[in-house]
Amino acid sequence: HVQLVESGGGSVQARGSLRLSCAASGFPLNKYFLAWFRQAPGKEREGVAAIDSDGASIYLDSMKGRFIISRDNAKTILYLEMNSLKPEDTAMYYCAADPFVASFSNWYSGARYKHWGQGTQVTVS
């Protein structure tokens, strides 16, 4: 079965860095459109970054220049390198995958993703 497992979250000081990982199994990662989402308490889930099957990526404006999304199809792992972290980055981070998304036009819509991980908490103080 399809499974996505996030890891790498934790508590860090502002300006610090973290690398989140999403280990995938049960499906061909190279054929899926992948994304990272986050949700803070009392707030709606929002798209952080996405990457297509060819390696092209897109980011939420507040993440540009600080975060890098990448994928290792051989290891079946999706990454999110987070630098210059800010308190407002505090949230539960989720990875998501979908085999049908064909463009970045609606990458930020969580409803379009079929598979989700359990989330990993990131706390910045």
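Keep in mind it's a predicted model, so treat the numbers as computed, not measured.

### Observations regarding the state of the cysteines
Scanning the entire structure with this criterion turns up one disulfide. A sulfur-sulfur separation of 2.0 Å characterises the disulfide bridge that pairs C22 with C95. Between C22 and C95, the S-S torsion sits near 55°, and that sign places the bridge as right-handed. With a gap of 73 residues between them, C22 in strand β3 (residues 18-25) and C95 in strand β9 (residues 91-98) connect regions that are remote in the sequence. For the pair C22 and C95, one class covers both residues: buried.

### A few points about the packing of aromatic side chains
What characterises a pair of aromatic rings is the spacing of the ring centres plus the angle enclosed by the ring planes. Overall, the coordinates contain seven aromatic pairs when judged by the stated rule. When the ring centre of Y94 is taken as reference, the NZ or CZ atom of R45 above it lies at 4.0 Å. The aromatic ring of W116 is capped on one face by R45, whose charged end is 4.8 Å from the ring centroid.

### A few points about the nonpolar core
Counting 29 residues, the largest nonpolar core has W36, F67, L80, M82 and Y93 as the members making the most contacts within it. Elements that contribute at least two residues to this core include exactly β3, β4 (33-39), β5 (46-51), β7 (67-72), β8 (77-82), β9 and β11 (120-124). Counting eight residues, the second largest nonpolar core, distinct from the first, contains F37, A50, A96 and Y113.

### Considerations on unusual backbone geometry
The backbone of T76 shows a phi angle near 55°, a positive value even though the residue is not glycine. With respect to the helices and strands, the residue T76 is situated in the loop between β7 and β8. Even without being a glycine, S84 presents a positive backbone phi close to 50°. Within the secondary structure, S84 is located in the loop between β8 and β9.

### Focus on the sheet that holds strand β1 (residues 3-7)
Read across the sheet, four strands follow the order β1-β3-β8-β7 without closing on themselves; strand pairing throughout is antiparallel. Edge positions in the sheet fall to β1 and β7, since each has one partner strand and no second. Each neighbouring strand pair of the sheet contributes to a mean axis angle of 15°, computed without reference to strand direction.

### Quick look at the pairing of β4
Within β4, six of the seven residues are buried, which leaves the element mostly enclosed by the surrounding structure. Where β4 lies against β9, seven bridges are found, and the strand directions are antiparallel. Note on β9: the bridge partner recorded for L34 is A97. In this structure, β4 lies alongside β5, joined through five bridges in antiparallel fashion. Note that in β5 the partner of F37 across the bridge is G47. Taking the residues between adjacent antiparallel strands as the criterion, β4 and β5 are bridged by six residues, where G42 takes a positive phi near 75°.

### Some thoughts on the pairing of β7
Side chains of β7 alternate between two faces, with F67, I69 and R71 buried and I68, S70 and D72 left unburied. Where β7 lies against β8, six bridges are found, and the strand directions are antiparallel. Paired with I69 across the two strands is L80, which belongs to β8. Connecting the antiparallel pair β7 and β8 is a turn made up of four residues, with T76 showing a positive phi of about 55°.

Reading guide: rules and limits
Residues numbered from 1 in each chain as written. Predicted model: local features only at pLDDT ≥ 70, side-chain atom pairs only at ≥ 80, totals over all residues. Heavy atoms only, no water. Disulfide = S-S within 2.5 Å. Helix = DSSP H or I, 4+ residues; strand = E, 2+ residues; numbered from the N terminus. Buried < 20%, exposed > 50% of the residue type's maximum accessible area, 1.4 Å probe, protein only. Phe/Tyr/Trp six-rings, centres within 6.5 Å; stacked < 30°, edge-to-face > 60°. Lys NZ or Arg CZ within 6 Å of the ring centre and 35° of its normal. Core = buried A, V, L, I, M, F, W, Y, C linked by side-chain atoms within 4.5 Å. Pairing = 2+ DSSP bridges. Axes fitted to C-alpha atoms, helices over the stretch in contact; angles between N-to-C directions.

Just distances and angles here, no functional claims.
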